[in-house]
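Descriptive analysis of the structure
As a plain string of letters, each chain reads:
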Amino acid sequence: MTASVIVGRFAPSPTGPLHFGSLVAAVGSYCLARRAGGRWLLRMDDLDRPRVVPGAADDILRTLEDLGFSWDGPVLWQSNRSEAYGAAMERLRLQGQLYDCACSRREILASAPHPGEEGPVYPGTCRQGLPAGRAPRAVRIRVPDREILFADGVFGRQAQNLAQEVGDFVLRRADGMYAYQLAVVVDDAASGVNQVVRGADLLGSTPRQIFLLESLGLPVPAYLHLPLVLNADGSKLSKRHGDDASPLAWSGGGLLCKALRWLGQPVPAELEQAPPAEVLAWGAAAFEAGDIPAATEIAVPK
Ligand SMILES: [Zn+2]
């Protein structure tokens, strides 16, 4: 009997320098993979080109190296993966699961009966074919009217009915770009990732990703979502805002200790002054998933 090796990953978006929220995801995914004797991969989620900041990817890689992280194999760049995303789309199309959609965002907002947690629920306008005289914009996938269930390693049992809470969702956007949901599952599966550790802002995306994995006949990984880091004033430390995503103001072992404590890990005080690699080694040996606080959001510690 062979136990399968844990394969974790960290997948930052190069939309700015690494901030504390991303670092927490890096530390959590790294320690959980290494603690299990597993592999830890690095991927650049640079699919959304208009949002990519030149130089940010190199900056993130340098910061991770300075903090003592080492990853297995070469970095995977989503910007090089269009062929794989296209092949996955083709398979879903052949299975009859996709359709063209002509709706603009404004039309969807106007016709959606109620906004779901994940934004307006697509009302299915183009499900039976494009309205007369309308040109296709995006490509959507039909979702089932049943609950998708999974057990999150931190948040426990999760359930979402895609038809009622999300609606048929976009896999290729009007600007021709593949959707993040598709890219993530295709890349994780291609890399053999079987443990996804990331911020709780993606908890609500997970059922869509599980549905895509099942539709593509791909294995579903284990999921652990980490509480989101908020600014001291309670606002979201989001990359999308760009302005409030403060770059890391500290460096070295002390910073890693802070990230580990934030994840509920009892780091010994003497490690504050230790080199980063030593702190990570402690995390790789002692990290306990059960100690991660199951809170959706926590303000960044002082
Ligand atoms: Zn439509």
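Residues numbered from 1 in each chain as written. Predicted model: local features only at pLDDT ≥ 70, side-chain atom pairs only at ≥ 80, totals over all residues. Heavy atoms only, no water.

Charged atoms that come close allow side chains of opposite charge to pair. All chains considered together, the criterion is met by 14 salt bridges. Here arginine 134 and glutamate 107 are joined by a salt bridge, their closest N and O atoms 3.0 Å apart. Taken together, the positions of arginine 134 in the loop between β6 (119-120) and β7 (138-141) and glutamate 107 in helix α4 (residues 105-111) put the pair 27 residues apart, joining distant regions of the chain. Given the relative accessible area of 35%, arginine 134 is considered partly exposed. Glutamate 107 gets classed as partly exposed once you look at its relative accessible area, which sits at 32%. (Salt bridge = Lys/Arg side-chain N within 4 Å of Asp/Glu carboxyl O. Helix = DSSP H or I, 4+ residues; strand = E, 2+ residues; numbered from the N terminus. Buried < 20%, exposed > 50% of the residue type's maximum accessible area, 1.4 Å probe, protein only.)

Let's shift gears to the pairing of strand β11 (residues 195-199). Burial analysis of β11 places five of its five residues in the buried class, the great majority of the element. Across five bridges, β11 lies against strand β12 (residues 222-226) in parallel orientation. From the neighbouring strand, glycine 199 faces β12, where its bridge partner is leucine 226. Following the backbone out of β11, through helix α7 (residues 206-215) and into the adjacent parallel β12, one traces a crossover that is right-handed. (Pairing = 2+ DSSP bridges. Right-handed = clockwise from strand over helix to strand, strands pointing away.)

The subject of this paragraph is the sheet that holds strand β4 (residues 98-101). An order of β4-β7-β10 is seen for the three strands of this open sheet, with the pairing classed as antiparallel. The sheet terminates laterally at β4 and β10 (169-172), the two strands that pair on one side only. The mean angle between the axes of side-by-side strands here comes to 45°, regardless of whether they run parallel or antiparallel. Pairing analysis gives three bridges linking β7 to β10, with the strands arranged antiparallel. Looking at β10, one finds that valine 139 is bridged to arginine 172. Docked against the sheet, helix α3 (residues 82-94) engages β4, β7 and β10, running at close to 100° with respect to β4. (Axes fitted to C-alpha atoms, helices over the stretch in contact; angles between N-to-C directions. Contact = heavy atoms within 4.5 Å.)

In this section: the coordination of the zinc ion. Ideal coordination angles are 109.5 degrees for a metal with four donors arranged tetrahedrally and 90 or 180 degrees for a metal with six donors arranged octahedrally. Those protein atoms acting as donors to the zinc ion are Cys101 (SG), Cys103 (SG), Tyr122 (OH) and Cys126 (SG), and they sit at 2.1 to 2.3 Å. Because the angles between the four donor atoms bound to the zinc ion fall within 102 to 122°, the donor set is best described as tetrahedral. Donor residues binding the zinc ion come from one chain and are separated in sequence as C-x1-C-x18-Y-x3-C. The same class applies to cysteine 101 as to cysteine 103, namely buried. (Donors = N, O, S within 2.8 Å, 3.2 Å for Na, K, Ca; no water. Tetrahedral: all angles 85-135°; square planar, octahedral: opposite > 155°, others 65-115°.)

The next subject is the side chain of glutamine 265. Within the secondary structure, glutamine 265 is located in the loop between α8 (253-262) and α9 (276-286). For glutamine 265, the side chain forms a polar contact with the main-chain oxygen of leucine 263, separated by 3.0 Å. The contacts of glutamine 265, once residues within four sequence positions are left out, are Leu260, Trp282, Ala286, Phe287, Glu288, Asp291 and Ile292. (Polar contact = N/O pair within 3.5 Å; in protein donor to acceptor, adjacent residues only side chain to side chain.)

Before going further, it helps to spend a moment on the layout of surface pockets. Considered as a void within the structure, the second largest pocket measures approximately 160 Å³ in volume. Around the second largest pocket, the lining comprises 15 residues; the ones closest to its centre are Leu41, Leu42, Pro74, Leu76 and Ser191. Taken together, the elements giving at least two residues each to the lining of the second largest pocket come down to β2 (39-44) and α6 (180-190). Considering every element that reaches the lining of the second largest pocket, the biggest residue donor is β2, with four residues. Each residue belonging to the lining of the second largest pocket can be placed in one class, and the counts come to seven nonpolar, two polar and six charged. (1 Å grid on protein atoms, 1.4 Å probe; cavity = no way out; pocket = protein on both sides within 12 Å on 5 of 7 lines; lining within 4 Å. Points joined across faces, edges and corners; volume = space filled by probe spheres on them. Nonpolar A, V, L, I, M, F, W, Y, C, P; charged D, E, K, R; others polar.)

A word on α7. Helical geometry note: an α-helix holds 3.6 residues per turn, so side chains three or four residues apart project in the same direction. Taken across its ten residues, α7 has nine buried, putting it largely inside the fold. The positive-phi residue at the C-terminal boundary of α7 is glycine 217, with phi of around 70°.

Applying the stated criterion across every chain yields a total of one cavity of 30 Å³ or more. Its boundaries defined by the atoms lining it, the largest cavity holds a volume of some 50 Å³. Lining the largest cavity we find Val184, Val185, Asp188, Ala189, Val193, Gln209, Leu213, Pro219, Pro221 and Tyr223. Of all the elements in the fold, those that place two or more residues in the lining of the largest cavity are α6 and α7. It is α6 that provides the largest number of residues to the lining of the largest cavity, a total of four residues. Looking at the lining of the largest cavity, its residues break down into eight nonpolar, one polar and one charged.

Grouped together as the largest cluster of nonpolar side chains are 77 residues, with contacts concentrated most on Leu23, Val27, Leu64, Phe69, Leu171 and Leu182. Counting seven residues, the second-largest nonpolar core is a separate cluster that includes Cys101, Cys103, Ile108 and Tyr122. (Core = buried A, V, L, I, M, F, W, Y, C linked by side-chain atoms within 4.5 Å.)

The next thing to look at is the environment of alanine 88. Within the element layout of this structure, alanine 88 appears in helix α3. Along the primary structure alanine 88 and valine 186 are separated by 98 residues, whereas in three dimensions their C-alpha atoms are 7.4 Å apart. Those residues in contact with alanine 88 that sit more than four places away from it in its chain are Leu182, Val186 and Leu216.

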